[in-house]
Each structure stands twice: as structure tokens, then as C-alpha cells.
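The residues making up each chain are set out below.
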Amino acid sequence: MTTTGTSTIEAVLFDFSGTLFRLEEDPTWFDGIHDADGTPVDGAGAAELMRRMTAPVGETVEFDDATRHAWRNRDLDPALHRRAYLHVLAQSGVTDRAQAESVYGRVIDADSWTPYPDTESVLKKLAAESIRVGVLSNIAFDIRPAFVDRGLDRYVDEFVLSFEVGHVKPQPEIFRHAVASLGVDPSVTLMVGDSDEADGAAREIGCSFALVDPVPTSERPDALLAALSAFGIR
């Protein structure tokens, strides 16, 4: 455990997308994929698609009632997740169903996600200091393989995934579930995430909070280390 000021950090909760890992487009994902006008999806177009697919809050395209329901509940049900993201792709110009399915398949493939440069060192540091670690994510597919494939799962004590526990951030229930699963009190828990609205809601149950910027991994070499350092974990 690490003491900072009058508090002691005994556990750290991390968001997944935009915090520990980032979904970054690979040019090959869009080979042969065109928008409704027949224009190849590449460069800035591909980057914009990824932004729409990974935005933690808000609506990135137009929705009707049915697709809005799917979008708002996407992280509770894999079927709704698939429907919501195929709609986002269609609204973004990828109207060919097979092509949209191909891109969506990349989103839910653990191998498509890239860890930030300091993800491994941060997880190892916390393990070395016997600080409990949880990964708390609004997600509708199993992200554990992303950690297993890189040998990082050994540093994570608990995965709290919205589609498995039936709650989503910013609902307080998911944070309560997370701290209970780690066996710690909120007052000694730090939440690290890229959304003040979603992840920052951990403060409502008494956790501390550190915000990181979900920029490309090449532009953020040590934000996780800096976030921990600000709370006395060096």
C-alpha cells in the first residue's frame, strides 16, 4: 500500500479502452472497404470511424428509437452491442453488411487492442507494492484475452465487466461491485480512466480519481505512471 497525504491507496481500478489499451486502426482492416459513395475508407476516414466506435459517452451518429436503445445499452448485452456498432458503421458510410461485419469483428478481437507504453510497467509496479488491481470496463465482450496474450493477466486481481455484472459506469453499483470484489474500501481506492463523466463517477462512492487522455498510444508514453505518482505511488 502507498500513503499519500492522509489517505492510503490499497487498490487501483483501471478503465480499459483509452486508459490501459486503445483500439488503433490498422490500414489493413479497411482493405477493400468503401463508403456508400464508393470512396475507400482510409486515412482520416478510418481514424474518424475509430473515434466514433470508441467514444466512451455521448452519441456519435444519428439514431432512431430502436438503435438508440441498442447504443445506450450496448455494454450490457453482446447482441445490442453488435447492433449498435453495425448501425454506427452504416451511418458512417460503411453500408455493405459484410464489410461492416469485418470491421466490427476487429473491434471485439482482443488482438486488435494496443496497450499504452506504460501499461505493463504500471501493473508490475502495483503488484510489486501489493496494491490490488481491478480492470473496470463498460464492455460487451471478454477483454481478458488482451491481457492473457501479453502475460499481463497475472497482475490483475479482478475484471469487472459491465455485461457480466449487469451495471455500467457511471452507475454507482458497478464501482461498489468492484471495490467489494477487491475487498477494499472506496476511501483507499483510486480509479484511473479517460472519462470524467463515466470513470469519474467513482468519486460518488468515495474513491479517488485520476483522468488520462485517450490519445494515440504513441502520444502518451507515461500518463499512467504520472497518474499513480500524483497519488504517491512512485
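The preceding data block contains the structure.
Just so it is clear, the model here is predicted, and its values are computed rather than measured.

Visitor: Can you break down the overall build of the chain residue by residue, with the values?
Guide: Counting its secondary structure elements, the chain contains nine helices and nine strands. What you see for the chain is a C-alpha radius of gyration of 18 Å, in line with the 17 Å of a compact globule of 234 residues. Seen through its C-alpha atoms, the chain measures out along the principal axes to roughly 60 × 35 × 25 Å. Classification of the 234 residues of the chain by burial places 50% in the buried group. For the chain, long-range pairs separated by at least 24 residues make up 65% of all intrachain contacts whose partners lie at least 6 apart in sequence.

Visitor: Tell me about the nonpolar core, and name the residues and values.
Guide: Membership of the largest hydrophobic core comes to 58 residues, with the highest contact counts inside it found for Val12, Phe14 and Phe147. No other element matches the six residues that helix α3 (residues 78-91) contributes to this core. With residues near it in sequence (within four places) discarded, valine 12 still touches Leu126, Ile131, Arg132, Val133, Gly134, Leu190, Val192, Leu228 and Ile233. Judged by nonpolar contacts, the second largest core, of 17 residues, contains Leu13, Ala178, Val188 and Ile205.

Visitor: Describe in detail unusual backbone geometry, supporting the description with residues and values.
Guide: Most of the time, phi is negative for any residue but glycine, and the peptide bond is trans. The residue after lysine 169, namely proline 170, is reached through a cis peptide bond having omega 10°. In this fold, proline 170 is placed in the loop between α7 (162-165) and α8 (172-182). Even without glycine at this site, serine 130 takes up a positive phi of about 60°. Counting through the fold element by element, serine 130 comes out in the loop between α5 (119-128) and β6 (132-137).

Visitor: Kindly report on the side chain of asparagine 138, identifying the contributing residues and their values.
Guide: Tracing the backbone shows asparagine 138 in the loop between β6 and α6 (144-148). You can call asparagine 138 buried: its relative accessible area is 18%. Separated by 2.8 Å, the side chain of asparagine 138 and the backbone nitrogen of lysine 169 make a polar contact. With near-sequence residues (within four places) excluded, asparagine 138 lies in contact with Asp75, Ser162, Val168, Lys169 and Ile174.

Visitor: Pulling in residues and values, what's your account of the sheet that holds strand β8 (residues 189-193)?
Guide: The sheet built from five strands is open, its strands ordered β7-β6-β3-β8-β9 with parallel pairing. Both edges of this open sheet fall to β7 (158-161) and β9 (208-211), since each of them pairs with a single strand only. Sheet twist, expressed as the average angle between the axes of neighbouring strands with direction ignored, equals 20°. Bridging between strand β3 (residues 11-14) and β8 involves four bridges; their strand directions are parallel.

Visitor: Outline the pairing of β6, supporting the account with residue identities and numerical values.
Guide: With five of its six residues buried, β6 lies for the most part within the structure. Taken together, the four bridges between β3 and β6 define a ladder with parallel strand orientation. Residue pairing for β6: alanine 11 is matched across the bridge by arginine 132. Strand direction decides the pairing type here: β6 and β7, joined by four bridges, are parallel. Directly across from glycine 134, in β7, lies its bridge partner glutamate 158.

Visitor: Tell me about α5, residues and numbers included.
Guide: Every buried residue of α5 is accounted for by Thr119, Val122, Leu123 and Leu126. Viewed along the axis of α5, the buried residues span an arc of 95°, placing them on a single side of the element. On its buried face, α5 is in contact with β3, β4 (21-23), β5 (113-115), β6, α6 and α9 (223-229). Backbone geometry just after α5 places serine 130 at a positive phi near 60°.

Rules behind the numbers
- Residues numbered from 1 in each chain as written.
- Predicted model: local features only at pLDDT ≥ 70, side-chain atom pairs only at ≥ 80, totals over all residues.
- Heavy atoms only, no water.
- Helix = DSSP H or I, 4+ residues; strand = E, 2+ residues; numbered from the N terminus.
- Rg over C-alpha atoms; globule rule 2.2 N^0.38 Å.
- Buried < 20%, exposed > 50% of the residue type's maximum accessible area, 1.4 Å probe, protein only.
- Contact = heavy atoms within 4.5 Å.
- Core = buried A, V, L, I, M, F, W, Y, C linked by side-chain atoms within 4.5 Å.
- Polar contact = N/O pair within 3.5 Å; in protein donor to acceptor, adjacent residues only side chain to side chain.
- Pairing = 2+ DSSP bridges.
- Axes fitted to C-alpha atoms, helices over the stretch in contact; angles between N-to-C directions.
- Arc of directions from axis to C-beta.

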